[in-house]
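Examination of the molecular architecture
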Amino acid sequence: MKIDFNETQKAAVVSLLIEMINADAEVHPNECAVFDSICVEYGICDDTFSLGRSLNSMVAIDIMKRMSDLQKLATAQLLTRVIDADAKDDDKEIQLFNIICKATGVDVLINAKEGVD
């Protein structure tokens, strides 16, 4: 199920995805392909993309903090898609993912969800 985001939230997602792509200082073509498909999937227009590129990652995290729980989990899943795109485990990507999850409360949501399953 695809979750809806407003344009500001989409810009925050773009910002965080770009941070994730750049986390290991090596931009892999598969990461770009996944990013492009996410942009199409979520209808991210040029203006929203430009805003996302210009957003400070701390501002993007602050925007994510104010998302609904479902939006936060969906954003975490999108970040995971980018992490998995290059088929290698990178400590910097995992570290960034953990920082984002902890800062936005996604870690608590994931743990609560796992407790229900």
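This text gives an overview of the structure that appears in the document. Please read all numbers here as calculations on a predicted model, not as lab measurements.

Cut-offs used in this document
- Residues numbered from 1 in each chain as written.
- Predicted model: local features only at pLDDT ≥ 70, side-chain atom pairs only at ≥ 80, totals over all residues.
- Heavy atoms only, no water.
- Helix = DSSP H or I, 4+ residues; strand = E, 2+ residues; numbered from the N terminus.
- Axes fitted to C-alpha atoms, helices over the stretch in contact; angles between N-to-C directions.
- Parallel < 35°, antiparallel > 145°, perpendicular 65-115°, else oblique.
- Left-handed = near helix turned anticlockwise from the far one by under 90°.
- Contact = heavy atoms within 4.5 Å.
- Nonpolar A, V, L, I, M, F, W, Y, C, P; charged D, E, K, R; others polar.
- Expected span 1.5 Å × (residues − 1).
- Buried < 20%, exposed > 50% of the residue type's maximum accessible area, 1.4 Å probe, protein only.
- Arc of directions from axis to C-beta.
- Polar contact = N/O pair within 3.5 Å; in protein donor to acceptor, adjacent residues only side chain to side chain.

A separate point is the environment of D91. As for its placement among the helices and strands, D91 is situated in helix α6 (residues 91–104). C-alpha of D91 to C-alpha of A23: the two residues are 68 residues apart in sequence and 9.2 Å apart in space.

On to the packing of helix α1 (residues 7–22) against helix α3 (residues 46–54). For any two helices packed against each other, the geometry comes down to the angle between their axes and how far apart the axes lie. Two elements in contact, α1 and α3, have axes whose closest approach is 7 Å; the angle formed by their N-to-C orientations is 55°. Here α1 is positioned oblique relative to α3, judged by the angle of their axes. In this structure, α1 meets α3 at a crossing whose hand is right-handed. In this structure, α1 uses E7, K10, A11, V14, S15 and I18 to contact α3, whose residues at the interface are T48, F49, L51, G52 and R53. Split by residue class, the contact of α1 with α3 holds five nonpolar, three polar and three charged.

The next subject is α6. Over its 14 residues, α6 extends 20 Å from the first C-alpha to the last, a length consistent with the 20 Å expected when each residue adds 1.5 Å. Those residues of α6 lying buried are E93, L96, F97, I100, C101 and T104. Axial view of α6: buried residues confined to an arc of 130°, hence all on one face. Facing away from the buried surface of α6 by more than 90 degrees, the exposed residues are D91, K92 and K102. For α6, the side-chain oxygen to backbone nitrogen distance between the N-cap and K92 is 2.9 Å, and the N-cap itself is D90. Phi turns positive one or two residues past the end of α6, at G105, with a value near 85°.

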